[in-house]
Amino acid sequence: MQQSQKTSPNTADSLTDFALSKLASLEEKNQRRYLVDTKREQAMTMSVDGGPPLISFTDNDYLGLSTHPDVVAAAKAAADEYGAGAGASRLVTGNHSLYRKLEEKIATIKGTEDAAVFGSGYLANVGIIPTLVGPGDLIIADELVHTCIHAGMTLSRADVKFFKHNDVAHAAELLSDHRKKFGKCLILVDGVYSMDGDIAPLKALGLLAKDHDAWLMSDDAHALGTIGGGSGSAKETGAEGLVPLQMGTLSKAVGSYGGYLAAAKPVVDLIKTRARSFIYTTGLPPAAVGAALKALELIESDAEMVARPLKLAQKFAYALGLPAPETPIVPLIIGTETEALAASDTLAKAGFKVIAFRPPTVPEGTSRLRFSFSATHRDADVSRLIETCKTLGLRA
Ligand SMILES: *Cc1c(COP(=O)(O)O)cnc(C)c1O
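This one's a predicted model, so the numbers in the text were calculated from it and none came from an experiment.

Brief notes about the sheet that holds strand 1 (residues 38-40)
Note on sheets: strands pair through backbone hydrogen bonds, and any given pair is parallel or antiparallel. As summarised here, the arrangement of the 4 strands in space is 1-2-3-12, forming an open sheet in which the pairing is mixed. In the strand order of this sheet, the two ends are held by strand 1 and strand 12 (352-353), each with one partner. Sheet topology note: the strand 2 (residues 45-48)/strand 3 (residues 54-56) ladder contains 2 bridges and is antiparallel. Each bridged residue has a counterpart across the sheet, and for Thr-45 the counterpart in strand 3 is Ile-55.

A closer look at the pairing of strand 10 (residues 259-263)
Looking down a regular strand, the side chains alternate between one sheet face and the other. For strand 10, a buried count of 5 out of 5 residues is recorded, marking the element as mostly surrounded by other parts of the structure. Judged by which residues are buried, strand 10 turns out to be covered on both faces: Gly-259, Leu-261 and Ala-263 on one side and Tyr-260 and Ala-262 on the other are all buried. The pairing of strand 4 (residues 114-118) with strand 10 spans 5 bridges and is antiparallel. When the bridges of strand 10 are listed, Asp-114 appears paired with Ala-263. Judged from the 4 bridges that link them, strand 9 (residues 245-249) and strand 10 form a sheet pairing that is antiparallel. The residue of strand 10 that forms the bridge with Gln-246 is Ala-262.

Looking at the side chain of Thr-58
With respect to the element layout, Thr-58 can be found in the loop between strand 3 and helix 2 (69-82). We classify Thr-58 as buried; its relative accessible area is 14%. Here Ile-355 takes part through its backbone nitrogen, which lies 2.8 Å from a polar atom of the side chain of Thr-58. In contact with Thr-58, other than residues within four places in its own chain, are Lys-353, Val-354, Ile-355, Arg-370 and Ser-372.

As for helix 12 (residues 286-301)
In a regular helix each residue adds 1.5 Å, so 16 residues correspond to 22 Å; helix 12 covers 23 Å between its end C-alpha atoms and thus fits that length. All buried positions along helix 12 are accounted for by Pro-286, Ala-288, Val-289, Gly-290, Ala-291, Ala-292, Leu-293, Ala-295, Leu-296, Leu-298 and Ile-299. In the core, the buried residues of helix 12 are packed alongside helix 2, helix 4 (97-110) and helix 13 (303-319).

With respect to the site of the ligand
Close to the ligand lie 13 residues; Gly-121, Asp-219, His-222, Thr-249 and Lys-252 are nearest. In the model, an oxygen atom of the ligand is placed 3.4 Å from a nitrogen or oxygen of the Ser-251 side chain. Within the complex, 88% of the 380 Å² of free accessible area of the ligand lies under protein. Along the lines of polarity and charge, the residues of the shell around the ligand split into 3 nonpolar, 7 polar and 3 charged.

The rules behind these values
Residues numbered from 1 in each chain as written. Predicted model: local features only at pLDDT ≥ 70, side-chain atom pairs only at ≥ 80, totals over all residues. Heavy atoms only, no water. Pairing = 2+ DSSP bridges. Helix = DSSP H or I, 4+ residues; strand = E, 2+ residues; numbered from the N terminus. Buried < 20%, exposed > 50% of the residue type's maximum accessible area, 1.4 Å probe, protein only. Polar contact = N/O pair within 3.5 Å; in protein donor to acceptor, adjacent residues only side chain to side chain. Contact = heavy atoms within 4.5 Å. Expected span 1.5 Å × (residues − 1). Near = heavy atom within 4 Å. Areas by Shrake-Rupley, 256 points an atom, 1.4 Å probe, with all protein chains shown as cover. Nonpolar A, V, L, I, M, F, W, Y, C, P; charged D, E, K, R; others polar.

Right, dumping it as structure tokens:
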């Protein structure tokens, strides 16, 4: 599966030397990454580098909406009407009426007053966090938050303290010890943790945040469209009204591209006025906006579709003796990078695409297969995956 390393020119400049030696040391640790050409079809069928079809159990396309005919048609219609690119930042001339509809739809699904759409989830996090806190302020974050939250925290130059994963008592301790020394305070969590598939205790954290005059923000990248009847982690955990900042992406269950913040109107207005990654970047291609809007309409109207990925994940986990999943993500911890890559290769030979996640994406020694389930997986494919994993000894 690995590409042969392209021979580089015989230059002896320090830049090329740096790149080569850095790549060699990553290669040694099995941490070098390679791109493969992937052709994705419906029902999670795909081919890699023109090879035989594989069933993907690795996508974040939890509802299969990226290839849904209605969503693709909406993308085409938006491109026909508004063009291939936005032409400028949304605040210049890159805004159009589909954006308003999309933001209203997100706010409705999230149960907030308003929403701001960004170019991506990554851009949302690096824009929102520094707009709300800065030097002299405090951030309390779960130790496993997504890497783009780390980027946003660094840019904010606020003081950052981490609590142990999903440990509300530890978060409370940090707040008691430090909150009073700082101005504003943000509490940052992922609604669903992408590498483990577990859910943040948002209700307890939301109450804690209120007690300490802190603002809770959840990153719902893996929760919108998958839990809480599609609304996400706040609804799922009974924390409606306790999470004033709900961000997420339109690139996973929504099947398109873009990021968002759902919040009260004044907060959204401030973000649109001040977040640098909202202002100084070009608006989304109109096709992405049109596709996201259609996909959210499907999420709102098709409860059965939304419920299916979790049901499949539960069936798979139960059959292999793994802990019952709360989300469509099922991790199977393997250990070393080499073993995890080997397991992924073996599954590929059996017709399944399951990516091995390795450090630094996951902690050292916890390289894993991460199975994710989609509404468009066929029952027969899930059954065959279960049988294959059993035969290969991939189980609890
Ligand atoms: C994927 C992901 C993001 C980034 O979203 P993009 O729209 O792909 O940039 C942010 N946070 C979490 C938790 C994610 O899993």
